[in-house]
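For reference, the chains in residue letters:
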Amino acid sequence: MAGMMKQVAVVFLVAVVMGQSWLGQAQGQAQSCSAQLSNLNGCAPFVLPGAASNPSPECCGALQGVQQDCLCSTIRIASTLPSLCHLPPLSCGTN
């Protein structure tokens, strides 16, 4: 369980970083998405192993401020990292 939580935390943090640098097709839109994702840094303590069970109000507010297509695109990009790095795919089940 702790290993899976670490994977989820890593994917989340990578998604934030990748969103800041890889969504550069439309510069204005990418900058907006990057700014939205950088606000999610306040959510990092929640997704790390051993974190509190509820995110902070700041985290929830930041998440509310991220457009769905921005977040989904970033997660899709992050999910391709293992295969690009020749690693097994993530298997993040809900237990």
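The structure reproduced in this document is the subject of the present report. (Residues numbered from 1 in each chain as written. Predicted model: local features only at pLDDT ≥ 70, side-chain atom pairs only at ≥ 80, totals over all residues. Heavy atoms only, no water.)

1. Observations regarding the overall build of the protein chain
Alright, step 1. For the protein chain, the count of helices and strands is six helices and zero strands.
Alright, step 2. Across the protein chain, helices and strands are ordered from the amino to the carboxyl terminus as α-α-α-α-α-α.
Alright, step 3. Counting all 95 residues of the protein chain, 26% fall into the buried class.
Alright, step 4. Taking the intrachain contacts of the protein chain between residues at least 6 apart in sequence as the baseline, contacts between residues at least 24 apart amount to 67%.
Alright, step 5. Just so you have it, the protein chain exposes about 6,200 Å², and 61% of that area is on carbon and sulfur atoms. (Helix = DSSP H or I, 4+ residues; strand = E, 2+ residues; numbered from the N terminus. Buried < 20%, exposed > 50% of the residue type's maximum accessible area, 1.4 Å probe, protein only. Contact = heavy atoms within 4.5 Å. Areas by Shrake-Rupley, 256 points an atom, 1.4 Å probe, with all protein chains shown as cover.)

2. Side note on the nonpolar core
Alright, step 1. Judged by nonpolar contacts, C33, L37, L40, C43, C59, A62, V66 and C70 together constitute the single largest core of eight residues.
Alright, step 2. Sorting the residues of this core by element identifies α2 (27-38) and α4 (57-64) as the ones contributing at least two each. (Core = buried A, V, L, I, M, F, W, Y, C linked by side-chain atoms within 4.5 Å.)

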